[in-house]
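# Tertiary structure, described
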Amino acid sequence: MTSKLLYYSVVVTVASLLFSCTPKIVATKFYEENEKVLDKIEITYKDLSEERSFAIAFTSKDFKTVSVEIYTDTLKYIYDFEVNEPRLADTLTAYNLNAPKVIGLIGMMQSIRSTWIKNLDYYVDGKKNEVVFLSIKPVAVKAPLSYQKYYILAYFNQQQQFDSKGRLLDKKQKRRLRKINGEVFSRINDKVCYAVSGNFR
Amino acid sequence: MRLFLLTVASCFFALAVFSAPISFRDSYGKEGFALSPATGVTSTAQQAVEFIDSIKTLAPSTYWPHVNPAAFLQNVKENVLKPILIYPGIGTNFCGYGALSYLLLQDDPLGYARFMVKLYTTGRAQFGNSDVDPSDPIKKQAGQMRYKGVLDIHPADQLWFLSLADHFKGYLNIFNRHYDVGDEDKFWASVNLAKFNRMARNFLHYKLGSRGSDLIRPHLSDTYQYISNRLQRGKVVLFINNRIVHKKNHERVKLKVPTHFIVVEKISRQDDLITLVYWDYGGKTLMQLSPRFLRRIIFAIVDLKKEAGDK
């Protein structure tokens, strides 16, 4: 009886250790395998948001409901649509967004299970910088009793500094880890970092 | 152990419900302000700007070693001129203080500016019945907050939000009463309804009414109509469950508790679609929602009314 208990506790410990370290490895692997699509999403989003700032989130698990946030000088508009709804294109056009391109972007995000894309501000030495955030809901098997995890990719415009463990550093105080949206990011390449989070935004 | 947890949970439930009565009215009694008959506000932005401009030089404060005096004054002036832009920071629990600041900056910008300058120069200041005397860790941290968006470069806002969170305490802050770096994102900074109302009564020159609580939603026959009526005669703040409004994950089970304070700007209804315009986090947002969803997200409605002659 005691040996059986010991056996099960060893199995459970090993399994939980495996599950706990998996997302970090998979996040990098996921980027490498889908680099072209991910980079295309980022470039398309960047181009489109230069004309009018916006963000896209998939708020339903089945990736059928999309929440579009459109930013004007005075207001932020939040609209929820079914992906195939004609209202979506009409609304995008009404806010001077390139509707076919934005819908194409939504399609790309849907294909890769990307849950959120947005430009976020961060400040270095008092100067404003921007980073594109892209969250992905992985299909990987979820460990029992664990919370849902998301891979978050951050696309910077400039090369970033990292510590020996590959963690993103603050430029001003190079030993201090930089947190963006509450997360510590790790290196994929000089301009792209990732984090694994319980929230997609 | 179970009994202990049950007792703690019961205490919190009782505090949540009884510290914020389902419905109450209280009269506002305070000295030192008068309503401007022309605008209905206690003071104007112009008066506040004149006051700030009259300060030729502000010496660095020994109380706030990391707050640059020029940046501090500039920040206070910007808040007075553009209250809409005040931003409580990414990931912080400062939304309640943010809503309060947005209302205060519209109602009494001069009072705000005077309070801020006094707090900066003397390390403590009085507003209404509150003698705000921030603790040493707050004074060290103000001006050093990072990764909070534009709050990073707004030292006066850091000083203001940290001081408010340090001074006003509610039952949510029981287990974390003393500030450590990073506590702005934790229960140390949380605001429950009763605490918000207490702060509003202290800083704002309004008659305050409140429906709802931290755990039980208000029983209203028509939530839209209630908000709409209150909005016609004053300001309205909603205490909402933001976990379902602004989803951050796809978990199906979400705690049914309020998490966010917003200031209602406009509300209208066409057939079964409600359009809500509200202020939070440095800007206004327009959102369309069904009456059922509106009822589902609101845990409390705070209405603030001006009454001419109130003192």
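Remember, it's a predicted structure, so these values are computed and weren't measured experimentally. (Residues numbered from 1 in each chain as written. Chains lettered and ligands numbered in written order. Predicted model: local features only at pLDDT ≥ 70, side-chain atom pairs only at ≥ 80, totals over all residues.)

### Details of the overall build of chain A
Note the cut-off: We count a stretch as a helix when DSSP gives it H or I for four or more residues in a row; a strand needs E for two or more, and each element gets its number in order from the N terminus. A pair of residues counts as a contact when their C-beta atoms, built from backbone coordinates, are within 7 Å of each other.
A tally of helices and strands in chain A yields 4 helices and 10 strands. Tracing chain A from N to C terminus, the helices and strands come up as α-α-β-β-β-α-α-β-β-β-β-β-β-β. Considering only contacts within chain A whose residues lie at least 6 apart along the sequence, 52% involve residues at least 24 apart.

### Re the overall build of chain B
Inclusion rule: Around each residue's C-beta, the other C-beta atoms within 10 Å are counted; 20 or more make the residue buried, 12 or fewer make it exposed, and counts in between make it partly exposed. All C-beta atoms are placed from the backbone.
Across its full length, chain B holds 11 helices and 9 strands. Burial status across chain B gives 43% buried among its 311 residues.

### A short note on the domain arrangement of chain B
All names here are of chain B. Operational definition: A domain assignment, automatic or from a database, supplies the domain bounds used here.
The domain boundaries assigned to chain B delineate domain 1 (34-200) and domain 2 (206-305). Between the C-alpha centres of domain 1 and domain 2 the distance comes to 25 Å. The partner domain 2 presents 20 residues to the 17 residues of domain 1 that form the contact. At the level of elements, α4 (95-107) and α8 (193-203) are the ones that each hand at least two residues to the side of domain 1 that touches domain 2. The leading source of residues in the side of domain 1 that touches domain 2 is α4, at 6 residues.

### Looking at the pairing of strand β9 (residues 298-305) of chain B
It is a general feature of regular strands that their side chains alternate between the two faces of the sheet. Residues and elements named next belong to chain B. To keep things clear, this is the line we draw: For two strands to be treated as a pair, DSSP must find at least two bridges joining them.
Taken across its 8 residues, β9 has 7 buried, putting it largely inside the fold. Sheet analysis places strand β4 (residues 207-212) next to β9, joined by 6 bridges and oriented antiparallel. Counted as the bridge partner of Arg211 is Ile301 from β9. With 7 bridges joining them, strand β5 (residues 234-240) and β9 adopt antiparallel strand pairing. Within β9, the residue paired with Lys235 across the bridge is Leu304.

### Focus on the interface of chain A and chain B
This is how the line gets drawn: Basically, the charged four are Asp, Glu, Lys and Arg, the nonpolar ten are Ala, Val, Leu, Ile, Met, Phe, Trp, Tyr, Cys and Pro, and anything else, Gly included, counts as polar.
Counting from both sides, the interface comprises 23 residues of chain A and, opposite them, 19 residues of chain B. With 5 residues, strand β3 (residues 75-82) of chain A is the single largest residue contributor to the side of chain A that touches chain B. Across the side of chain A that touches chain B, the residue classes break down as 8 nonpolar, 8 polar and 7 charged. Here β3 of chain A pairs with strand β8 (residues 283-289) of chain B via 4 bridges, running parallel. Its bridge partner being in β8 of chain B, Leu75 of chain A is matched across the sheet by Lys284 of chain B.

### Side note on unusual backbone geometry
Non-glycine residue Asp125 of chain A carries a positive phi angle of around 50°. If you check the backbone angles, Tyr281 of chain B has positive phi at about 40° while not being a glycine. Here Tyr281 of chain B is to be found in the loop between β7 (273-280) and β8.

### Observations concerning α4 of chain B
Spelled out, the test is: Multiplying 1.5 Å by the residue count of a helix minus one yields the expected span of that helix.
With 13 residues, α4 of chain B extends 18 Å between its outermost C-alpha atoms, agreeing within 8% with the 18 Å of an ideal straight helix rising 1.5 Å per residue. Buried within α4 of chain B are the following residues: Cys95, Gly96, Tyr97, Gly98, Ala99, Leu100, Ser101, Tyr102, Leu103, Leu104, Leu105 and Asp107 of chain B.

### Examining the domain arrangement of chain A
All names here are of chain A. The assigned domain composition of chain A is domain 1 (1-32 + 117-201) and domain 2 (34-112). Contact with domain 1, which involves 12 residues of that partner, is made by 14 residues of domain 2. Residue assignment for the side of domain 1 that touches domain 2 shows that the elements contributing at least two residues are α1 (2-33), β4 (114-124), β5 (127-136) and β6 (150-156). Considering only residue class, the side of domain 1 that touches domain 2 consists of 8 nonpolar, 1 polar and 3 charged.

### Concerning the pairing of strand β6 (residues 260-270) of chain B
All names here are of chain B. Looking at chain direction, β5 and β6 are connected through 5 bridges and run antiparallel. The residue bridging Val236 from the neighbouring strand is Val264, located in β6. A loop of 2 residues connects β6 with β7, the two strands running antiparallel in sequence, and Asp271 in this loop sits at a positive phi of about 50°.

### Looking at the confidence of the model for chain B
All names here are of chain B. Using the following cut-off: Per-residue confidence from the prediction method is given by pLDDT, with values spanning 0 to 100.
On average, chain B scores 88 in pLDDT, and the residues at 70 or more come to 86%. Taken as a whole, residues 20-38 scores under 50 in pLDDT and shows 34 contacts with residues more than four places along the chain or in a different chain. Overall fold confidence for the complex sits at a pTM of 0.86, while the interface term, ipTM, reaches 0.81.

### Concerning the packing of α4 of chain B against α8 of chain B
Residue and element names in this part refer to chain B. What counts is decided by this rule: Axes here refer to lines fitted to C-alpha atoms; in helices the fit is confined to the stretch in contact. Angles between the N-to-C directions go from 0 to 180 degrees. For classification, angles of less than 35 degrees are called roughly parallel, those exceeding 145 degrees roughly antiparallel, those between 65 and 115 degrees roughly perpendicular, and all remaining angles oblique. Crossings are assigned a handedness: left-handed for a near helix turned anticlockwise from the far helix by less than a right angle, right-handed for a clockwise turn.
One way to put it is that α4 packs onto α8 with a least axis distance of 10 Å and a crossing angle of 20°. One finds that α4 runs roughly parallel with respect to α8. Classified by chirality, the crossing of α8 by α4 is right-handed. Note on element contacts: α8 touches α4 through Phe196, Met199, Ala200 and Phe203, opposite Gly96, Leu100 and Leu104. Along the lines of polarity and charge, the residues of the contact of α4 with α8 split into 6 nonpolar, 1 polar and no charged.

### As for the nonpolar core
For the record, the criterion: Here, a nonpolar core denotes buried Ala, Val, Leu, Ile, Met, Phe, Trp, Tyr and Cys residues that are linked to one another through C-beta atoms within 7 Å.
Core analysis: the largest hydrophobic core is formed by 76 residues, its most contacted members being Ala99, Met116, Ala200, Leu238, Ile262, Val263 and Val264 of chain B. If you tally residues by element for this core, the top one is α4 of chain B, at 8 residues. Inspection of this core shows a minimum of three residues originating in each of domain 1 (34-200) and domain 2 (206-305) of chain B. Excluding anything up to four places from it in sequence, Leu238 of chain B contacts Ile262, Val264, Ile298 and Ile301 of chain B. Listed in part, the 42 residues of the second largest apolar core include Ala57, Met109, Ile136 and Leu153 of chain A.

### Section: the environment of Tyr71 of chain A
All names here are of chain A. Mapping Tyr71 onto the fold places it in strand β2 (residues 65-71). With 125 residues separating them along the chain, Tyr71 and Val196 place their C-alpha atoms 27 Å apart. Residues contacting Tyr71, with those up to four places away along its chain left out, are Ser53, Phe54 and Lys76.

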